Amino acid sequence: MILWTLAFLFLFLAIPCFRPVVGRIRAHFFQQRILDDYKCVAARLRILKECLESGLVPERSDWDAVSTLPEPWGPMFSESLNSLRARGAPVLPSLERMLSGMEEERALLLEAQMRSSQAFGQILVSVALVPFFAFVLYFLLPEISQTPGVFLSLVMVSLLLVFLAFFWMLLMVEDARSGRIRRSRRAWLLSSKLFFERLIAEISGGNPPDLAWSAAMVFLQEREPDLVRSWGVRIWDRFPNLGQDEGTLEDSILRFGLELRKIIQLSLAEGAASMDRLDSSFRNFLLDSRMRISRELQVLPNQCLKPLFILVLPAVMLLLFGTMAIVLAEKIA
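Our subject in this report is the structure included herewith. Going along each chain's sequence as written, the residues are numbered from 1 onward. Only residues with pLDDT of at least 70 get local features here, since the model is predicted, and only at 80 or more are side-chain atom pairs given and counted; chain-wide, interface and lining totals rely on the full set of residues. The basis for every side-chain value is the complete set of non-hydrogen atoms in the structure, without hydrogens or water.

**Regarding the overall build of the chain**
The way it works is that DSSP assigns letters per residue, a run of H or I at least four long becomes a helix, a run of E at least two long becomes a strand, and they are numbered from the N terminus. Broken down by element type, the chain carries 14 helices and 0 strands. The N-to-C order of helical and strand elements in the chain reads α-α-α-α-α-α-α-α-α-α-α-α-α-α. Relative accessibility under 20% of the residue-type maximum defines a buried residue, over 50% an exposed one, and the middle range a partly exposed one, all with a 1.4 Å probe and only protein chains included. Split into buried and exposed, the 333 residues of the chain put 43% on the buried side. A fraction of 74% describes how many contacts in the chain between residues 6 or more apart in sequence connect residues 24 or more apart. Values of accessible area rely on a 1.4 Å probe in the Shrake-Rupley scheme; residue burial ignores everything except the protein chains shown. Carbon and sulfur atoms provide 64% of the accessible area of the chain, an area that totals close to 18300 Å². For this analysis, residues touch if any pair of their heavy atoms sits within 4.5 Å.

What follows is the structure in structure tokens.
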């Protein structure tokens, strides 16, 4: 009685530790909500873009509706658009970049779902296989009914291994979708895109590029202080030595920010415009990030076989041979 009481007490105390696991499972099975958010943001931006292209002036409610879109896109896009409108700067180029960014994010999420669907189908079958296999063994082998506690413990251990494989696969999908950036820096990619949009909005509004960089850094400091330290707060700060390109998305993000600084420094030294160069650098960065993430997603199905062989197969074998051992022990007894 004391052991059962302690077991339930520790289980109750350990429930908060399972919140990250539940959150990751919900994030995977409710990805349609994220896709709907992308679609909602893209639809609202497309309405503004088509309205401006047709020569009409959007209503005040249309501009205000952008701020009500899902975070972090809605508030950030609304602030950038309002800043451009207040200074009389062109809005269409920013709308096109925002729209292409939303379509890019949605395409990456759909590709991740497609690449991981086969592996998740296998793991879901494996999760259902263990209780089904245990049910069949229990009714085919009457000796198991003599020791139901031992058999139930065996089934629980097998289910634990299968759920560990399922959670491992969730982590692998998240890593591939983020380009294998370290978990503490997962938001770097999105923050970089939002930072660039804020930088362009400041330059389009009439600020010099160096002052626009400082103003955009204020926004980035609130989201990613580590990225700010890596890029440099001021435009004339010394460039850090990144070494050789390791081919990771994290390294690509660091080099993207430093490349923006070099472009602004060069434009200030030459007295030339920097918008075209910055836009070209941003497009190259998007292409490079898409290529790196696609490469990780391409190898994802093969990598997802690891949990199947390392955890799921031993779980089924443990259940089979453990049941055979129980039956043999009952016959010998």
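There is more to say after this.
**Quick word on the packing of aromatic side chains**
Two rings from Phe, Tyr or Trp (for Trp, the six-membered ring) form a pair when their centres sit within 6.5 Å of each other. Planes less than 30 degrees apart are called stacked, planes more than 60 degrees apart edge-to-face, and all others tilted. Counted under the stated rule, the structure contains 11 aromatic pairs. Between phenylalanine 195 and tryptophan 213, the aromatic rings sit 5.2 Å apart at their centres with planes inclined by 85°, giving edge-to-face as the arrangement. Residue phenylalanine 195 is found in helix H8 (residues 188-204), and its partner tryptophan 213 is found in helix H9 (residues 209-223); the two are separated by 18 residues along the sequence. Each member of the pair, phenylalanine 195 as well as tryptophan 213, is classed as buried. Look at tryptophan 231 and phenylalanine 256: their rings are 6.2 Å apart centre to centre, the planes differ by 75°, and that puts the pair in the edge-to-face class. Taken together, the residues tryptophan 231 in helix H10 (residues 225-231) and phenylalanine 256 in helix H11 (residues 249-270) connect sequence positions 25 residues apart. The exposure classification of tryptophan 231 matches that of phenylalanine 256, with both residues buried.

**Brief notes about empty space enclosed by the protein**
In this analysis, the protein atoms alone were mapped onto a 1 Å grid. Cavities are point sets where a 1.4 Å probe fits without being able to get out; pockets are open sets with protein on both sides within 12 Å along at least five of seven lines; lining residues have an atom within 4 Å of a point. Grid points are joined across faces, edges and corners, and a volume is the space filled by probe spheres set on the points. Going through the model one piece at a time under the given rule, you end up with 1 cavity of 30 Å³ or more. One number sums up the size of the largest cavity: a volume of about 140 Å³. Looking at the largest cavity, it is lined by 14 residues, and the ones nearest its centre are Phe77, Arg97, Met98, Gly101 and Lys193. Secondary structure elements with two or more residues in the lining of the largest cavity: helix H5 (73-87), helix H6 (92-140), H8 and helix H12 (275-298). Each residue is assigned to one of three groups, with Ala, Val, Leu, Ile, Met, Phe, Trp, Tyr, Cys and Pro labelled nonpolar, Asp, Glu, Lys and Arg labelled charged, and all others, Gly among them, labelled polar. Partitioning the lining of the largest cavity into residue classes produces 9 nonpolar, 1 polar and 4 charged.

**Details of the side chain of lysine 49**
The topology assignment puts lysine 49 in helix H3 (residues 31-53). For lysine 49, a relative accessible area of 17% gives the class buried. Dropping the residues within four chain positions of it, lysine 49 is found in contact with Leu92, Leu95, Glu96 and Leu99.

**Section: the environment of tryptophan 231**
Residue class for tryptophan 231 comes out buried when judged on its relative accessible area of 0%. Taking the C-alpha atoms as reference, tryptophan 231 lies 9.4 Å from leucine 260; in sequence the two are 29 residues apart. Counting of polar contacts relies on pairs of N or O atoms within 3.5 Å, with two restrictions inside protein: one atom must be capable of donating a hydrogen and the other of accepting it, and residues adjacent in sequence are counted only when both atoms are side-chain atoms. At 3.2 Å, the side chain of tryptophan 231 and the backbone oxygen of isoleucine 253 are in polar contact.

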